[in-house]
Structures are given as structure tokens and as C-alpha cells.
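Residue-level listing of the chains:
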Amino acid sequence: MQASSVEISKVNKFYGPFHALKDVDLSIPPGKVTCLIGPSGSGKSTLLRCINFLEAYDSGEIRIDGDLIGYEVPGKRMSGRRLREMRRGIGMVFQQFNLWPHMTARENVAEGLIRVRGMSKSEAESRAGEALTKVGLADKMSNHPSRLSGGQQQRVAIARAIAMEPRLMLFDEPTSALDPELVGEVLNVMKTLASEGMTMVVVTHEMGFAAHVADQVAFMEKGELVGVDSPDRILHQPQDPRIQAFLRTYHERNSI
Amino acid sequence: MDFAIFEQYGPSLLRGFGVTVLCWLLGTVFGMALGLVIALIQRYAPRWVGWIIQIYIEVIRGTPFLVQLFVLYYGGPLIGLRLDALPAGLLGLTIYGSPYFAEIFRSGFRAVPHGQIEAARAIGMAEPAIIRRILLPLGLVSSLPALVNFSIILTKETVILSIITVPELMYQVSRMSTETFRYLEANLVLALFFWALVETISRIGHRLEARVTKHLIEERT
């Protein structure tokens, strides 16, 4: 599998007067897992959504394998066609799963293969079957999302993304909407993906996942990227007082 | 009460009812189609186009159907739009219904969670495919109860077409009343016909709703 790299430099994003991303620089190496952590409202989801241009950044550059996304040159938007081409190589998994409720699990996965990759229905469905088998849902292919648990729905969403054979996967708080007992099954699928050398960017509150699976952890607060380092150095020996404060709150909340 | 006169007027009343159903059906189908187009334009067209359409919606919704029909039928020839009663009636119904249908579709589209549209964009689907595969199926399902409801309201607006001499049920009933002075009987029959029509539409609507929402509703255990 080919894995993409992402170079984020001097990215700024405003919502009206609100400065959501402030000169963010981040280098995401190919085949590695990067976790974005930080308090809510810190801009980590916004940054993630800028990487596939679901959110338009206002200045700076985001390059995927050297190609600028969203703009032809800084300041000039790229065509819809070109943007769609770039998005084909980027899978995204959302907090709210966002499966299409009128389609079965298999149809959810096959849809992109048919409409975007131009596959025949039968080819797409067999490919969808493989992807669903990979996430452990071989027996749920004909279920509609309303007949799946949250964890199963999120695994279908992951299958929908990986069936497109992306070179980069974005995860926007993939386990935050799940009941605690369902978190594990989703994280396990993500660990498998990571072990296969997929470039992954994961916005998460799962510090355990960040500690054990991430190759690097980036901490954001108030739209700024405060620090990037190995999980060990961010989570166990943080230098910045803002990271220390965040982790203190986290540990207090999670101690029994 | 004397129902013997229906031997004489039965056939013309039945014919009238046929015309009523035809007007309602075509007016609803065309009105819905126009409303859908309006709702899609409003969602995707630039803002100034949206404003023009908004003016159309306000004007049509803000004036009585009777007045619109007069303007169309008697004012139309002044600008070269000379229509027979039936086509004029159908066009009138289509125009009259379209802004209401457009608003129903607009709110139906808004009910589609934005995340489901984003998920389609994120895998690289083009907008026409997103409309066809995601927005329309889900938006139409959430519009369905309101669509059925407004279609039922439209059945009763068809009586106004009698004013411009469309030979629908109200027209036939009026003719019979003035010829026989049997106002009560004639209007009771009219009520009966409409009740049957509305009841049928409502039943079909409920069945349709149960069918299309089958997979959308969470299983409750």
C-alpha cells in the first residue's frame, strides 16, 4: 500500500472574527499514526477537516504528497473535479458515523466504488464484502444502519473509507459517540490499519490509543499547535504547562 | 330529500368527478415537479436567483387561488396566453401548488443531516450524484407526510376551477342545483365524492410512508 504524507504550514482559519487556527505547522510522515489531542474547541477537528478541504483554510498551505489541496495556487480555489480527485485518496471517518440510512451496510460501502471509482455493481459489492469482512462484519452486510450498534456502524464507516483504497485516513473523534463497551472494537480495527502502514491522522480523546498506537502526538489549544512529539514525551513528560494542565484534568476525570 | 334526480344527473356528476380527479392528479404532479425544481434551485443557485424565486413564492402564497385563476384566464389573452378552461385550470393549479411544495421540499432537504452529505463529499462523490443518491431519497422521505397533507388540501382547491367553467364536479353540481333547486342533495353528493377521494389519498399516503421509512427507524426493543 502506498502511504501519503501531509505537510501543513502556516495554516490560518477564521470563522468571522474568531481565529480558529493560528499559523499551524505540522508534518505528518507517511505510514505513521499522528494523534491530535487537546481540549474541545481547540481547533483539532477543524485542522483535520482542512486536510481534505471539507473546511476551507484561509491562508497557509496543506500539501498531500506535495500537492496543494483546495487551491490551485495560494488564494485561487481549485476546480471541483480536481478536489474530488484528491479526496479519492483520502478516507474520512466521522464522530457521528454518517452512514446513509437508506442503504444496507454493503450498499454504503459499494456506493463510492460505483459512483466515484466507476465500478460495476457486482464488482463493487464483492469489494464491499471484502472490506466489511476485514472490519469483522461479514455477517451484517445486509443490515441497514438502524439495525447495527454504534460500534458496528462505525466499523461500516471505516470499511466505506478503506474500500476506496485511500493513502491517508482521517479520523474525527471516531469513538466519542460510542458507548464505552463499544470503543474497543473500533480501536482494534484502527490498530490493524495502523499496523498495515496506513498514514493516519486521528483526533481523539482516547489517551490510551494515543499512547500505544500513535507515532507522534500533537497537542492543540485555542487554535495553536502547542507541541508535537513522541507519545511518551507528550503524555508522560510534557514540558509545556498547557499540556501538563490538560493531562492533569484528564487524569482527575478518569481516576476512580 | 329526493335522490331520484340522480338517475338523470348521475352520469354528468360521475364525469365531473373524473375531471376533478384528473385536475387534482395532474395539478399535484406538475405542482410537485415545479416545486422540486424550485427547491433545488434555491439550494444550489446563487443568492440573487434565490431572491427572485423568493418573490415568486411570496406572491403566489400571498394571493387567493381564485384571483390567480382570474388573472391567468382573463388576463392571459392580453399577453397572448389564450388557454381553454381545462389547460388554464391545470396551469393555475400547478402554479398555485408549486411554492407550497417547494417549501415542503426545502424543509425536507434541510432535515437530511449535513454529515451524510459531507460523507459523500469526502469520498469524492460529485454533486449531481449526491443529489440523486443521498439528498433526494432522504429528503423526499422526510417530506412525504407534508406532501400528502398538501395534496389533500389541493383536492378541495379544484372546486374553484368551476369559476372558469372547467367541467369538474363542482361545476356539474352547480348546474344540477340551478336546474333542479336540489341544492342540499347535490352538495351532499359533492361532499361524499370528496370524502372518498381524500380518504383514498390518505390511505395510500400512510402505506407509502410505512414502506419508505421501514429501514430509517431505529429498532426499539
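Residues numbered from 1 in each chain as written. Chains lettered and ligands numbered in written order. Predicted model: local features only at pLDDT ≥ 70, side-chain atom pairs only at ≥ 80, totals over all residues. Heavy atoms only, no water.

Side note on the sheet that holds strand β9 (residues 168-172) of chain A
Pairing between the strands of a sheet comes from backbone hydrogen bonds, and it takes one of two forms, parallel or antiparallel. All names here are of chain A. The condition is simple: The rule for pairing is simple: two strands pair if DSSP sees at least two bridges between them. In this text, helices come from DSSP runs of H or I with a minimum length of four residues, and strands from runs of E with a minimum of two, each type numbered from the N-terminal end. The axes used here are C-alpha line fits, helices contributing only the stretch in contact, and every angle between their N-to-C directions lies in the interval 0 to 180 degrees. Working rule for contacts: check all heavy atoms of both residues, and any pair within 4.5 Å makes them a contact.
Ordered by their spatial adjacency, 6 strands build an open sheet running β8-β9-β10-β3-β11-β12, and the pairing between neighbours is mixed. Single-partner strands in this sheet number two, and they are β8 (90-93) and β12 (224-229). In this sheet, neighbouring strand axes are inclined to one another by 15° on average, regardless of whether the strands run parallel or antiparallel. For strand β3 (residues 33-37) and strand β10 (residues 199-203), the ladder comprises 4 bridges, and the chain directions are parallel. Each residue of the ladder has a partner; that of C35, found in β10, is V202. Across the face of the sheet, helix α6 (residues 180-195) comes into contact with β3, β9 and β10 while running at roughly 145° to β10. Contacts between helix α9 (residues 241-254) and the sheet are confined to β3, β11 (216-221) and β12, with β11 contributing the most and set at about 95° to the helix.

A few points about the environment of T175 of chain A
Residue and element names in this part refer to chain A. If you trace the backbone, T175 turns up in the loop between β9 and α6. For the pair T175 and V186, spaced 11 residues apart in sequence, the C-alpha separation works out to 7.1 Å. In contact with T175, other than residues within four places in its own chain, are V183, V186, L187 and E206.

Re helix α7 (residues 169-180) of chain B
All names here are of chain B. Threshold: The span one expects for a helix is its residue count, reduced by one, times 1.5 Å. Residue burial is assigned from relative accessible area. The probe radius is 1.4 Å, only protein chains are included, and a residue is buried under 20% of its type maximum, exposed over 50%, and partly exposed in between. Arc definition: it is the arc formed by the directions from the helix axis to the C-beta atoms. We define a polar contact as two N or O atoms separated by no more than 3.5 Å, with the added condition that, inside protein, one atom must be a possible hydrogen donor and the other a possible acceptor, whereas residues neighbouring each other in sequence contribute only through side-chain atom pairs.
Helix length check: α7 (12 residues) gives 16 Å between terminal C-alpha atoms against 16 Å at 1.5 Å per residue, within 8%. Turning to α7, its buried residues are L169, Q172, V173, M176 and S177. Taken around the axis of α7, the buried residues stretch over an arc of 135°, which confines them to a single face. Where α7 is buried, its residues touch α1 (6-44) and α8 (183-212). Its side-chain oxygen 3.2 Å from the backbone nitrogen of M170, E168 forms the N-cap of α7.

Observations concerning the UniProt feature "transmembrane region" (unreviewed entry) in chain B
Residues and elements named next belong to chain B. Counted only if it meets this: UniProt positions are given in the numbering used here, feature names are shortened, and annotations may be inferred rather than shown by experiment.
Under the UniProt annotation, "transmembrane region" (unreviewed entry) lies at residues 17-41, 48-73, 85-102, 134-154 and 180-198. With 100% helix and 0% strand, residues 134-154 has end C-alpha atoms that lie 29 Å from one another. What you have in residues 180-198 is 89% helix and 0% strand, and the ends, taken at the C-alpha atoms, are 28 Å apart.

Points about the state of the cysteines
Residues and elements named next belong to chain A. Defined as follows: The disulfide criterion used throughout: a pair of cysteine sulfur atoms within 2.5 Å.
Inspection of the entire model under this criterion finds 0 disulfides over all chains. Not engaged in a disulfide, the cysteine C50 finds its nearest cysteine sulfur in C35; these two sulfurs lie 19 Å apart. Judged by its relative accessible area of 0%, C50 is buried.

What to know about the packing of aromatic side chains
Selection rule: Here is the rule: rings of Phe, Tyr and Trp (six-membered ring for Trp) pair when centre to centre is within 6.5 Å. Planes less than 30 degrees apart are stacked, more than 60 are edge-to-face, and the remainder are tilted. Distance and angle both matter: a charge sits over a ring if NZ of Lys or CZ of Arg is within 6 Å of the ring centre and within 35 degrees of the ring normal.
On inspection of all chains with the given rule, the structure shows 11 aromatic pairs over all chains. Ring geometry for Y73 of chain B versus Y74 of chain B: centroids 5.0 Å apart, planes at 75°, classification edge-to-face. By relative accessible area, Y74 of chain B is classed as partly exposed at 48%. Residues Y100 of chain B and F150 of chain B carry aromatic rings whose centres are separated by 4.8 Å and whose planes lie at 20° to one another, so their mutual orientation is stacked. Of this pair, Y100 of chain B sits in helix α4 (residues 85-110) while F150 of chain B sits in helix α6 (residues 127-157), placing them 50 residues apart in sequence. Taken together, the ring pairs connect F65, Y96, Y100, F101 and F150 of chain B into an aromatic cluster. The positively charged end of R160 of chain A is found above the aromatic ring belonging to W100 of chain A, 4.3 Å away from the centroid.

With respect to α6 of chain A
Note that an α-helix has 3.6 residues per turn; residues three or four places apart therefore point the same way. Residue and element names in this part refer to chain A. The first and last C-alpha atoms of α6 sit 24 Å apart over 16 residues, in line with the 22 Å expected at 1.5 Å per residue. Within α6 the residues assigned to the buried category are L182, V183, V186, L187, V189, M190, L193 and A194. Across the axial projection of α6, the buried residues extend over an arc of 155°, all falling on one side. Structural note: α6 exposes E181 and S195 on the side pointing more than 90 degrees away from its buried face. Residues of α6 that are buried in the fold lie against β3, α4 (121-134), α5 (150-162), β9, β10 and α7 (207-213). Phi for G197, located one or two positions after α6, is positive at around 90°.

Digging into the UniProt feature "domain: ABC transporter" (unreviewed entry) in chain A
Under the feature "domain: ABC transporter" (unreviewed entry), the UniProt entry names residues 6-247 of chain A. In this annotation, residues 6-247 of chain A is assigned 37% helix and 27% strand; the end-to-end C-alpha distance for the span is 27 Å.

Digging into the interface of chain A and chain B
Condition: Each of two parts loses accessible area, computed with a 1.4 Å probe, when they are put together; buried area is these two losses added. Salt bridge criterion: a side-chain nitrogen from Lys or Arg within 4 Å of a carboxyl oxygen from Asp or Glu.
In this assembly, 24 residues from chain A lie in contact with 22 residues from chain B. Interface area, chain A with chain B, both sides summed: about 2100 Å², of which 62% is carbon and sulfur. Contact with chain B buries surface across chain A, with W100, R115 and S146 of chain A losing the most and accounting together for 26% of the total. Connecting chain A to chain B are 2 salt bridges.

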